[in-house]
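Okay, here's what each chain looks like letter by letter:
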Amino acid sequence: MSKPTPTRYRTTNWSSYNCALRKRGSLLIWLDKEMSWLAPHEGRPGRPPVFSNAAIQFCLTIKVLFKLPLRQTTGMVASLLKMADLDWAVPDYTTLCRRQKTLAVEIAYRRADGPLNLLIDSTGIKFLGDGEWQARKHGIQGRRQWRKVHLAMDTATSDIRAVEFTPNSDGDSPVLPDLLDQIPEREEIGTVTADGAYDTRRCHTAIIDRQATPIIPIRKNGRPWKEDCPAARARNETLRATRHYGRAFWKRWTGYHVRSRIEAKMRCLKAFGERIAARDPDRQTAEIQIRIALMNRFSALGTAEIVRVS
């Protein structure tokens, strides 16, 4: 019996994609000379902040991008400002640490035409304990702790549109309504694709309330729900289609396999480091959001366009 011919793919925009990959290493693409470096005076009581949120986010972006401690971050930012001929003061490392806890990170994204199609998934990221190699080689020496990152990605632009950061003990399905709440009400959602862990009444109800179509496989031991709401009726339709045509055919028919793209995005998230440096939950949230902003910036520079050729 002959082996099946492997599927082949081809990148159609290699020239522009290659240029985008080079731009990702440019230092000056992260520095906008028109940004408001100093914080405006708001007239509130107390000592006003010296540096704007944009300045603090820029410094922390350099920290995350190059995996630097805070003191080295201030040195690198000072050299970048000098290269750009900008006579701006540099925030002290204590200022960066303090402001990171309350920083409202601005995450830019692109908007494609038509309804928004979302891919939902989550992953764990370590913040305390030995690395995987050391744990295998010498055993677990102490306590290891993780946090969980929940993402919602736009299939058209590959930008992350919503992010939640929760303790490791929290499940996946309770967070999906919070992810959808981050999408503006005026923005139409077409489909929401997630794995079987999101096959719950709460998730289906949240998706139907946004007038979207859930693409969620039924759990292997799933049974029909009482059809007392639109979400239950839509979910039972999926169950009947899966039983009649088979799970594999249903996944191809609905395009469920595109969910692998959000799994690949998790690898991009951990490319900035297998663990997060901060210990405080608020600072950890800001660090994850800065990673998301970097990922969206990379996608805006250019992504590969791959087509199947055989």
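Placed above this text is the structure.
Residues numbered from 1 in each chain as written. Predicted model: local features only at pLDDT ≥ 70, side-chain atom pairs only at ≥ 80, totals over all residues. Heavy atoms only, no water.

Turning next to the sheet that holds strand β4 (residues 160–167). What the five strands build is an open sheet, ordered β4-β3-β2-β5-β6; its pairing is mixed. Of all the strands in the sheet, just β4 and β6 (213–215) have a single pairing partner and so form its edges. Geometrically, the sheet is characterised by an average inter-axis angle of 25° between neighbouring strands, direction not taken into account. In the sheet, strand β2 (residues 116–128) pairs with strand β3 (residues 145–154) via ten bridges, with the strands oriented antiparallel. Pairing of I125 across the sheet is with R147, part of β3. (Pairing = 2+ DSSP bridges. Helix = DSSP H or I, 4+ residues; strand = E, 2+ residues; numbered from the N terminus. Axes fitted to C-alpha atoms, helices over the stretch in contact; angles between N-to-C directions.)

Before going further, it helps to spend a moment on the side chain of S173. Mapping S173 onto the fold places it in the loop between β4 and α6 (176–181). Residue class for S173 comes out buried when judged on its relative accessible area of 15%. In contact with S173, other than residues within four places in its own chain, are A197, Y198, T200, R202 and C203. (Buried < 20%, exposed > 50% of the residue type's maximum accessible area, 1.4 Å probe, protein only. Contact = heavy atoms within 4.5 Å.)

Here we take up the environment of V149. Looking at the element boundaries, V149 is found in strand β3. When its relative accessible area of 0% is taken as the criterion, V149 is described as buried. Sequence-wise, V149 and A108 are 41 residues apart; in three dimensions their C-alpha atoms are separated by 18 Å. Apart from the residues lying within four places of it in its own chain, the contact partners of V149 are D121, S122, T123, I125, V163, E164, F165, M266, L269 and I288.

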